[in-house]
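Understanding the architecture of this molecule
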Amino acid sequence: MEKKRIDDYEPGPLPSPRQLDRFGFVKQEIHNSQDGLTKGRSAYEFDREERRVRNWRKMIGVGGSDWKHYVRRKPHVVKRRIRKGIPDCLRGLVWQLISGSRDLLLMNPGVYEWLGLFKSAVILSNHKSQVVEVDPQLVIYETSASELDIIRDISRTFPSHVFFQQRHGPGQRSLYNVLKAYSVYDRDVGYVQGMGFLAGLLLLYMSEEDAFWLLVALLKGAVHAPMEGLYQVGLPLVQQYLSLFDRLVKEHMPKLGEHFTQEMINPSMYASQWFITVFSYSFPFHLALRIWDVFLYEGVKIVFKVGLALLKYCHDDLVKLPFEKLIHALRNFPEDAMDPDTLLPMAYSIKSTEVSCANQLIKTWTRIEFLSSSSYPLEWKRAAMEERVGVLSSTFSMD
Amino acid sequence: MARTGNKNIQAKLVLLGDMGTGKTSMVLRFTKGQFFDFQESTIGAAFFTQVLSLNEATIKFDIWDTAGQERYHSLAPMYYRGAAAAVVVYDITSMDSFERAKKWVIELQRQGNPNLIMFLVGNKVDLEEKRKVGNEEAEQYAKENGLVFLETSAKTAQNVNELFYEIAKRLTKKVPSRPTGMKLHRRPQETGRRRQLPRFPQLFVRMLVYQIELHCGPSDLKIKAALNEK
Ligand SMILES: Nc1nc2c(ncn2[C@@H]2O[C@H](COP(=O)(O)OP(=O)(O)OP(=O)(O)O)[C@@H](O)[C@H]2O)c(=O)[nH]1
Ligand SMILES: [Mg+2]
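An unreviewed UniProt entry annotates chain B as Rab5 originating from Dovyalis caffra. Regarding chain B, the relevant UniProt record gives this comment under Sequence similarities (unreviewed entry): "Belongs to the small GTPase superfamily. Rab family."

An unreviewed UniProt entry lists chain A under the name Rab-GAP TBC domain-containing protein, with Dovyalis caffra as the source organism.

This part covers the overall build of chain A. On a plain count of helices and strands, chain A comes out with 22 helices and 2 strands. Looking at the 399 residues of chain A, the share that counts as buried comes to 56%. Put simply, of all contacts in chain A between residues at least 6 apart along the chain, 72% involve residues at least 24 apart. As displayed, chain A has an accessible area near 18,500 Å², and 55% of this comes from carbon and sulfur atoms.

Every α-helix carries 3.6 residues per turn, so stepping three or four residues along brings you back to the same face. The end-to-end C-alpha separation of helix H13 (residues 236-252) of chain A is 25 Å, in line with the 24 Å expected for 17 residues at 1.5 Å each. Burial analysis of H13(A) places 12 of its 17 residues in the buried class, which makes it a mostly covered element.

All names here are of chain A. In this structure the tally under the stated criterion is 38 aromatic pairs over all chains. Seen from their ring centres, Tyr241 and Phe304 are 5.4 Å apart, and the 80 degrees between their planes marks the pair as edge-to-face. One end of the pair, Tyr241, is in helix H13; the other, Phe304, is in helix H17 (residues 301-313), and 63 residues separate them in sequence. Considered together, Tyr241 and Phe304 belong to a single accessibility category, that of buried residues. Arranged with centres 6.4 Å apart and planes meeting at 80 degrees, the rings of Trp274 and Phe283 form a pair that is edge-to-face. Phe283 matches Trp274 in its accessibility class, with the two residues each being buried.

Turning to the packing of helix H10 (residues 170-185) of chain A against helix H11 (residues 195-203) of chain A, a few remarks are in order. All names here are of chain A. Remark: H10 packs on H11, axes separated minimally by 10 Å, with the N-to-C direction vectors making an angle of 125 degrees. The angle between the axes of H10 and H11 places the two elements in the oblique class. Judged by the twist between their axes, the crossing of H10 over H11 is right-handed. Residues Ser174, Leu175, Val178, Leu179 and Tyr182 of H10 lie in contact with H11, whose contacting residues are Met195, Gly196, Ala199, Gly200 and Leu203.

Of all hydrophobic cores here, the largest spans 150 residues; its most connected members are A:Trp67, A:Trp95 and A:Leu311. In this structure, A:Trp67 is in contact with A:Trp56, A:Met59, A:Ile60, A:Val78, A:Ile82, A:Val94, A:Leu97 and A:Ile98, ignoring residues within four places of it in sequence. Formed by 31 residues, the second largest nonpolar core is a distinct cluster that contains B:Ala84, B:Phe119, B:Leu150 and B:Ile167.

Turning our eyes to something else, we now look at the coordination of the magnesium ion (ligand 2). All names here are of chain B. Summarising the metal site, the magnesium ion (ligand 2) is bound by the protein donors Thr24 (OG1) and Thr42 (OG1), whose distances to it range over 2.0 Å. Of the two residues, Thr24 is situated in helix H1 (residues 23-32) and Thr42 in the loop between H1 and strand S2 (45-53); the sequence distance between them amounts to 18 residues. A relative accessible area of 9% means that Thr42 is categorised as buried.

All names here are of chain B. Most of strand S3 (residues 57-66) sits inside the fold, with 9 of its 10 residues counted as buried. Pairing of S2 with S3 involves 9 bridges; the strand directions are antiparallel. Bridge pairing links Thr49 to Asp62 in S3. Hairpin connection, S2 to S3: the antiparallel pair is bridged by 3 residues.

Bringing the pattern of salt bridges into the picture now. Under the counting rule described, the total for this entry stands at 24 salt bridges over all chains. Salt-bridge contacts for A:Asp153 lead to A:Arg156; the nearest nitrogen and oxygen are separated by 3.2 Å. Here the two residues A:Asp153 and A:Arg156 agree in accessibility, since each one is buried. For the salt bridge of B:Arg100 with B:Glu70, the shortest nitrogen-to-oxygen distance reads 3.2 Å. Here B:Arg100, found in helix H3 (residues 95-111), pairs with B:Glu70, found in the loop between S3 and helix H2 (77-80); they are 30 residues apart in sequence, far enough to count as distant. Given a relative accessible area of 44%, B:Glu70 falls into the partly exposed group. Residues participating in the shared-partner salt-bridge network are A:Asp149, A:Arg152, B:Asp18, B:Glu70 and B:Arg100.

Turning our eyes to something else, we now look at the site of ligand 1. In the vicinity of ligand 1 there are 26 residues, among which A:Arg156, B:Ser25, B:Phe36, B:Asp37 and B:Asp126 approach most closely. At the site occupied by ligand 1, nearby residues are drawn from chains A and B. B:Lys23 places a side-chain nitrogen or oxygen 2.8 Å from an oxygen atom of ligand 1. Residue B:Lys155 places a main-chain N or O atom 3.3 Å away from an oxygen atom belonging to ligand 1. Its free accessible area being 650 Å², ligand 1 has 94% of it covered by the protein chains. At 3 residues, H1(B) tops the list of elements feeding residues into the shell around ligand 1. Among the residues making up the shell around ligand 1, the classes are represented as 7 nonpolar, 12 polar and 7 charged.

All names here are of chain A. Each domain of chain A was delimited in the assignment, giving domain 1 (48-103), domain 2 (105-220), domain 3 (234-349) and domain 4 (358-392). The interface is formed by 11 residues belonging to domain 2 together with 9 residues belonging to domain 3. Across the domain 2 to domain 3 interface the summed buried area is about 890 Å²; carbon plus sulfur atoms make up 88%. Among the residues domain 2 hides against domain 3, the three largest losses belong to Phe197, Leu198 and Leu201. Together they make up 48% of the total. Counting the contacts that link domain 2 with domain 3 gives 0 salt bridges.

So, about the side chain of A:Arg156. As for its placement among the helices and strands, A:Arg156 is situated in the loop between helix H8 (136-154) and helix H9 (162-165). A distance of 3.2 Å separates a polar atom in the side chain of A:Arg156 from the backbone oxygen of B:Gln39. Excluding its chain neighbours within four sequence positions, the residues that come into contact with A:Arg156 are A:Gln193, A:Phe197, B:Met19, B:Gly20, B:Gln39, B:Glu40 and B:Ser41.

Cut-off values and rules
What you see as residue numbers is a count from 1 along each chain, following the sequence as written. Whichever chain is written first becomes A and whichever ligand is written first becomes 1, with later ones labelled in order. Only residues with pLDDT of 70 or above have their local features reported here, since the model is predicted, and side-chain atom pairs are shown and tallied only from 80 upward, although totals for entire chains, interfaces and linings are computed over all residues. Values reported for side chains reflect all heavy atoms of the structure, with hydrogen atoms and water molecules removed beforehand. UniProt positions are given in the numbering used here, feature names are shortened, and annotations may be inferred rather than shown by experiment. Starting at the N terminus, helices and strands are each numbered in turn, a helix being any DSSP run of H or I of at least four residues and a strand any DSSP run of E of at least two. A 1.4 Å probe rolled over the protein chains alone gives each residue an accessible area, and that area as a share of the maximum for its type sets the label: buried under 20%, exposed over 50%, partly exposed in between. By definition, residues are in contact when any of their heavy atoms lie within 4.5 Å. The Shrake-Rupley method, run with a 1.4 Å probe, gives the accessible areas here. Residue values count only the displayed protein chains as cover. In a helix, the anticipated span is given by 1.5 Å times the number of residues less one. Pairing of aromatic side chains requires ring centres within 6.5 Å, counting the rings of Phe and Tyr and the six-membered ring of Trp. Pairs whose planes differ by under 30 degrees are stacked, by over 60 edge-to-face, and all others tilted. All axes are obtained by fitting lines to C-alpha atoms, using only the stretch in contact for helices, and the reported angles, taken between N-to-C directions, cover 0 to 180 degrees. An angle below 35 degrees is read as roughly parallel, one above 145 as roughly antiparallel, one from 65 to 115 as roughly perpendicular, and any other as oblique. In this scheme, a crossing is called left-handed if the near helix is turned counterclockwise away from the far one by less than a right angle; it is called right-handed if the turn is clockwise. As used here, the term nonpolar core means buried Ala, Val, Leu, Ile, Met, Phe, Trp, Tyr and Cys residues forming a set that is joined through side-chain atoms within 4.5 Å. Metal coordination here is assigned from N, O and S atoms located within 2.8 Å of the ion, or within 3.2 Å for Na, K and Ca; omission of water means that sites may look incomplete. Pairing between two strands requires that DSSP report at least two bridges joining them. By salt bridge we mean one thing: a side-chain nitrogen of Lys or Arg within 4 Å of a carboxyl oxygen of Asp or Glu. Consider each residue's heavy atoms; a residue with any of them within 4 Å of a molecule or strand counts as near. Polar contact criterion, stated in full: a pair of N or O atoms within 3.5 Å, where within protein one must be able to donate a hydrogen and the other to accept it, and residues adjacent in sequence count only if both atoms are side-chain atoms. In this classification, Asp, Glu, Lys and Arg are treated as charged, Ala, Val, Leu, Ile, Met, Phe, Trp, Tyr, Cys and Pro as nonpolar, and every other residue, Gly included, as polar. Each domain span listed reflects an automatic or database assignment of domains. Buried area adds together the accessible area that both of two parts lose upon being put together, with accessible area traced by a 1.4 Å probe.

Here you go:
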């Protein structure tokens, strides 16, 4: 049945370009064409944009050759520029540079193609790159289970985007290929609903293979804390993040926190998608992109900060609402709240000891994960790990 | 048995079932009269409200529409906890989704409240030619397990309103006749509070130590002292 669905080719009518916003999403009538930059731009603004792109090009060098050097020399300049938004024409390349996915790609030539050929006989075990022997029947069952899930979700990922809309068109095909490859590459995680939105977002800015390695970089933690915990059985990291977010709300907005407690609202009712898809699900696309720029450079703390900023912006309305209205409001923020140039500065200004603690915890975790899978002598490993945890614990007992 | 005083009932309703069975489509059909051939997958859960007026009462539904994939299972209890009614949905063209529905039923019977009204719904009856789950088979299963059974199509709207009316009717029967403001939310205070979410950062540090011990054997780390744990 599923097979047939894949084969019957239905080239649906393509919407005319005028019905699309500047990112390729079909405009909704209610959504009065306020998609960021389409507002009349003055010549001055245009010039400024040109200059910005030039600066960026200088910073990254040809094909990204100067990037690492620049980041090492002037990390603060890089951070500031990224916070203002990466120019759309360079976004795909810069994302690959800052996430470390470019390096992964270069270190693993041919692997992506190989994964695509993969049926199910041998499975590349995650990051240990060894061939594991598993009961072949089990493997076949597992891969095909992931595969069926992927197939069922393909046409349900960004269904209003012109690239992904066409049944079995290039968009849907590459989405399928990337997700399938990932599910083969990382059998423990496989395919989880939500990944499609990550992959979809990436595919609008880069090739399949590049998108695949960026997905790997994110989930396996090439630069920042690995995101795979968001998708593993039991969603351990989602639970951690949500409980941290809950505490942050209470720390930063005690009145709202109190109101939430009274109305029995907790973050899993509104914020789990924020973490699982990094705002790429049901948020305005131009805002999602700006968040991703910062996310890839600074890590998950920006997700916490944007979440807090949204609540802060709507604070005075939210504290008055009863349960149902509150839930509704938390899932449908007003358009002015979602303007990146308002929301992001607000997010940047949120300083929190808890957020930096969290970052530190996550860094330690990454380090320990790395050490434990390394081949250093056991005693040395143990000492190195214990030292890490010791440092961490002492920071906590200080406050 | 006409009653002059109109009851107001607020009830929490949860939809469970495999991914792609049509939970979101069914709710959208009921609350907005809409249907999309390509409905975006639900990540986490979605929330809807809808008011239904019967002769004897007005029912306000708080509807939690959950994500269907197995991996999201661990989030489900917080949505079905305290619910007055649960709708377990499967897709009549997929035997797997029916098996998954049975698992939900078992879980609800085991953990949910004994007064929970449970519905078993076979969706997508418009795809009759692709049917894999027989009507009688499901009906039989429902009967054995004390579930109300219906077949629906969110696409053609067949039986969708009937489903929610049926739920509403059964809810009104359950509620002792009191004039206003009945809440059928079992507010999850008691049950919810006991199962607290993991403590941050204590838990995190403990995980780290566990990781060390897993790889290098017992560790001397005095984490408990460092964190002043009781
Ligand atoms: N033919 C037919 N298709 C349906 C029907 N109900 C839903 N669909 C389609 O099935 C797909 C999945 O529907 P959803 O409502 O998103 O399913 P869901 O149960 O919410 O799925 P998750 O959010 O992934 O858990 C969508 O593409 C719908 O258009 C139906 O009654 N008949
Ligand atoms: Mg859904």
